[in-house]
Amino acid sequence: MQKRIRVAPPKLSQFAMPVRRLTEKDAVDIWIARWLGIRLKDLVLRYGCDPRRLYEIWWEERFIGSRKMAQDAFAERHPALTDRVDFSRRQRFARPGPNPAQLALFE
């Protein structure tokens with residue numbers, strides 16, 4: 001007969017933030033924070049989420065249309081800054097692969 005081993009559930013630190021799902025309101029606030037220049041690290045700490053969740057919002061893979069809602073909210077909250085903020089979409093640039101000429105350096 002095999003004995004079953006009981007495994008205790010992991011204990012979280014008292015400082016660990018509870019994981020919560022981001023909402024559409026959070027997405028709007030994250031857009032506004034980006035335009036105000038809040039650092040990614042600070043946003044991760046504020047919302048207690050993985051940085052990839054923020055990029056999903058910024059690439060509009062989640063909460064489609066939140067960018068437009070955030071623009072309207074930004075204009076209401078910070079009317080003096082609307083002419084100084086770039087609301088355009090950011091482009092992702094693919095990194096070029098290794099140059100084949102670099103292999104000649106090892107010869």
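Up top is the structure these notes are about.
Residues numbered from 1 in each chain as written. Predicted model: local features only at pLDDT ≥ 70, side-chain atom pairs only at ≥ 80, totals over all residues. Heavy atoms only, no water.

**Student:** Got a sec to walk through the overall build of the protein chain? Specific residues and values, please.
**Tutor:** Within the protein chain one finds four helices and zero strands. Traced from its N-terminal end to its C-terminal end, the protein chain shows the element sequence α-α-α-α. Counting over 107 residues, the protein chain shows a buried share of 25%. Restricting the contact set of the protein chain to residue pairs at least 6 apart, pairs at least 24 apart contribute 62%. By element, 56% of the accessible surface of the protein chain is carried by carbon and sulfur atoms, the whole surface being about 9400 Å². (Helix = DSSP H or I, 4+ residues; strand = E, 2+ residues; numbered from the N terminus. Buried < 20%, exposed > 50% of the residue type's maximum accessible area, 1.4 Å probe, protein only. Contact = heavy atoms within 4.5 Å. Areas by Shrake-Rupley, 256 points an atom, 1.4 Å probe, with all protein chains shown as cover.)

**Student:** Quick rundown of the packing of helix α1 (residues 24-35) against helix α2 (residues 40-47)? Include the residues and the values.
**Tutor:** Pairs of packed helices are described in terms of their axes, by the angle between the two and the distance that separates them. At a minimum axis distance of 11 Å, the contact between α1 and α2 shows a crossing angle of 155 degrees. Accordingly, the angle class assigned to the pair α1 and α2 is roughly antiparallel. Read as a crossing pair, α1 and α2 show a hand that is right-handed. Along its contact with α1, which presents D26, D29, I30 and A33, the element α2 presents L43, R46 and Y47. Across the contact of α1 with α2, the residue classes break down as four nonpolar, no polar and three charged. (Axes fitted to C-alpha atoms, helices over the stretch in contact; angles between N-to-C directions. Parallel < 35°, antiparallel > 145°, perpendicular 65-115°, else oblique. Left-handed = near helix turned anticlockwise from the far one by under 90°. Nonpolar A, V, L, I, M, F, W, Y, C, P; charged D, E, K, R; others polar.)

**Student:** Got a sec to walk through the pattern of salt bridges? Specific residues and values, please.
**Tutor:** The full count for this structure, using the stated rule, is seven salt bridges. Of the charged contacts, one joins K25 and D29 as a salt bridge, the two residues approaching to 3.4 Å between their closest N and O atoms. With a gap of four residues between them, K25 and D29 both fall in helix α1, about one helical turn apart. Look at K25 and you get exposed, because its relative accessible area is 60%. Residue class for D29 comes out buried when judged on its relative accessible area of 16%. Note that D42 is salt-bridged to R39, the shortest N-O span being 3.1 Å. A relative accessible area of 30% places D42 in the partly exposed class. Given a relative accessible area of 51%, R39 falls into the exposed group. Bridged by salt links that share partners, the residues K25, D29 and R77 form one connected network. (Salt bridge = Lys/Arg side-chain N within 4 Å of Asp/Glu carboxyl O.)

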